[in-house]
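Breakdown of the fold
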Amino acid sequence: QVQLVESGGGLVQPGGSLRLSCAPFGFTFDYHAIGWFRSSPGKEREGGSCISLSDSSTLYGDSAQGRFFVSRDKTKNTVYLQMDKLKPEDTAVYYCAASRGPSFCPVGFPADRFGVWGRGTQVTVSS
């Protein structure tokens, strides 16, 4: 069965960094866009970062711009989300998701454009 698996979450202090990983099982990344989303209690799911695996173009939301960086390691078949200068408001469960349609990152991160989702990894930013 196709699935995505996230890893790399944990507890960090404000201003710290984490690198999340997203790996596919049962399908190939080659013709998808991979988006990173997050959810926290009382807030709607928010998309923040995306990379197209067809041309490596990227897209960032306002909350991620300048602090979060998405990349791909073709050899390891893994997509990463490097998160720097973390803030308490970044505390959430982070999910990666593969696009179900065209392999480019859709403006606005509409959730219905992503068809396969990981189970999430918890990121907690606290002193």
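Placed above this text is the structure.
I will try to describe carefully the structure that is included in this document. Because the structure is predicted, anything quoted here is derived from the model rather than measured.

Before going further, it helps to spend a moment on the packing of aromatic side chains. Taken as a whole and assessed by the stated rule, the structure comprises 4 aromatic pairs. Relative to phenylalanine 114, the ring of phenylalanine 37 lies with its centre 5.1 Å away and its plane at 80°, an arrangement referred to as edge-to-face. You can see phenylalanine 37 sitting in strand β4 (residues 33–39) and its partner phenylalanine 114 sitting in strand β10 (residues 114–117), a full 77 residues away along the chain. Using a relative accessible area of 1% as the deciding quantity, one classes phenylalanine 114 as buried. Relative to tryptophan 117, the ring of phenylalanine 37 has its centre 4.7 Å away and its plane inclined at 50°; by these criteria the two rings are tilted. With phenylalanine 37 in strand β4 and tryptophan 117 in strand β10, this pair connects stretches of sequence that are 80 residues apart.

On to the nonpolar core, then. If you look at the biggest cluster of nonpolar residues, it comprises 24 residues, and the most contacted ones within it are Ile34, Val79 and Met83. The leading source of residues in this core is strand β9 (residues 92–99), at 4 residues. Residues within four places of isoleucine 34 in sequence aside, it is in contact with Cys22, Phe29, Ser49, Cys50, Ile51, Leu53, Val79, Cys96, Ala97, Ala98 and Phe114. Within the second largest apolar cluster, 7 residues are counted, among which are Ala33, Phe37, Cys105 and Phe109.

So, how was this worked out
Residues numbered from 1 in each chain as written. Predicted model: local features only at pLDDT ≥ 70, side-chain atom pairs only at ≥ 80, totals over all residues. Heavy atoms only, no water. Phe/Tyr/Trp six-rings, centres within 6.5 Å; stacked < 30°, edge-to-face > 60°. Helix = DSSP H or I, 4+ residues; strand = E, 2+ residues; numbered from the N terminus. Buried < 20%, exposed > 50% of the residue type's maximum accessible area, 1.4 Å probe, protein only. Core = buried A, V, L, I, M, F, W, Y, C linked by side-chain atoms within 4.5 Å. Contact = heavy atoms within 4.5 Å.

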